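Coordinate inspection notes
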Amino acid sequence: MSAFDLPELPYSYDALAPYMSAETLEYHHDKHHNAYVVNGNKILEGLDHMGDTLEEIVLNAHKQGQQGLFNNAGQHWNHTHFWNWMKPNGGGARPGNLEAAIKDSFGSFETFREQFLKAGATQFGSGWCWLVMNAEGKLEVTKTANADNPLTHGQTALLGCDVWEHSYYIDYRNARPKYLEAFVDNLVNWEYVAELLEKGPLKAAA
Ligand code: MN3
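Residues numbered from 1 in each chain as written. Predicted model: local features only at pLDDT ≥ 70, side-chain atom pairs only at ≥ 80, totals over all residues. Heavy atoms only, no water.

Details of the pairing of strand 2 (residues 139-145)
For a regular strand, side-chain orientation follows a simple rule: the groups alternate between the two sheet faces. Pairing of strand 1 (residues 127-133) with strand 2, which is carried by seven bridges, proceeds in the antiparallel orientation. Paired with Cys129 across the strands is Lys143, a residue of strand 2. What sits between strand 1 and strand 2 in their antiparallel hairpin is a turn of five residues, with Gly137 showing a positive phi close to 85°. (Pairing = 2+ DSSP bridges. Helix = DSSP H or I, 4+ residues; strand = E, 2+ residues; numbered from the N terminus.)

Observations regarding the state of the cysteines
For the structure shown, the criterion picks out zero disulfides. Its sulfur unpaired, Cys129 is 4.8 Å from the next cysteine sulfur, which belongs to Cys161. Residue Cys129 is classed as buried on the basis of its relative accessible area of 0%. (Disulfide = S-S within 2.5 Å. Buried < 20%, exposed > 50% of the residue type's maximum accessible area, 1.4 Å probe, protein only.)

Some remarks on helix 1 (residues 22-45)
Between the first and last C-alpha of helix 1 there are 33 Å, a value that for 24 residues agrees with the 34 Å anticipated at 1.5 Å per step. Where helix 1 bends most, at Asn34, the angle is about 30°. Looking at the buried positions of helix 1, the neighbouring elements they touch are helix 2 (54-63), helix 3 (67-84), strand 3 (156-162) and helix 6 (169-172). (Expected span 1.5 Å × (residues − 1). Bend = angle between axes of the 7 residues up to and from the residue. Contact = heavy atoms within 4.5 Å.)

Points about the coordination of the manganese ion
Binding of the manganese ion to the protein goes through His28 (NE2), His79 (NE2), Asp162 (OD) and His166 (NE2), at separations of 1.9 to 2.1 Å. His28 sits in the buried class, given a relative accessible area of 0%. (Donors = N, O, S within 2.8 Å, 3.2 Å for Na, K, Ca; no water.)

Comments concerning a negative patch on the surface
A cluster of acidic residues, Asp14, Glu23, Glu26 and Asp30, forms a negative patch at the surface. As for its placement among the helices and strands, Asp14 is situated in the segment before helix 1. (Patch = residues over 30% accessible without salt bridge, like charges linked within 9 Å, V, L, I, M, F, W, Y side chains within 5 Å. Areas by Shrake-Rupley, 256 points an atom, 1.4 Å probe, with all protein chains shown as cover. Salt bridge = Lys/Arg side-chain N within 4 Å of Asp/Glu carboxyl O. Lys, Arg positive; Asp, Glu negative; His and termini not counted. Charge placed at Lys NZ, Arg CZ, Asp CG, Glu CD.)

Quick look at the structure:
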């Protein structure tokens, strides 16, 4: 991989309103995500080949303690998925395979929802909350700080929510729990989550 590219949003800037405003998406995608891409590319230029895929670069940066590269590559990976984890008129019913897996691991969707909201609300400072598939193939809820993500924990990310203040402060001010509820109930693209579940464990040879 020679350089990171900023992907386009899979919908228009105003498509997620009122749950996530055009102003939030303009800043979050055009400024924040773009900065991770630009800064990551600058760091990559000064290093030997770090990998062929973004996943390999994230994992190699983590292993080699390249913190600057890890922060930018990790956030590039996180945000590239984050845009796809949302859609206009999101939330609602889950595809059958996903619903069955959630019931199998959590007992009910409500239990998963509670755990996910709690993980996001209790992540101290900046970070992410996740629905992951662990090494045993079970689903679980986790949280990570800053740019960290399930890749470095040997888990497959199925869903992630950005709880950095830049993701919600324009629309929700300090009410992170309200943002998390809107994310799960009105924004999540469950079809994309089901696709990732179908793909199964990430086989990153890093
Ligand atoms: Mn962000």
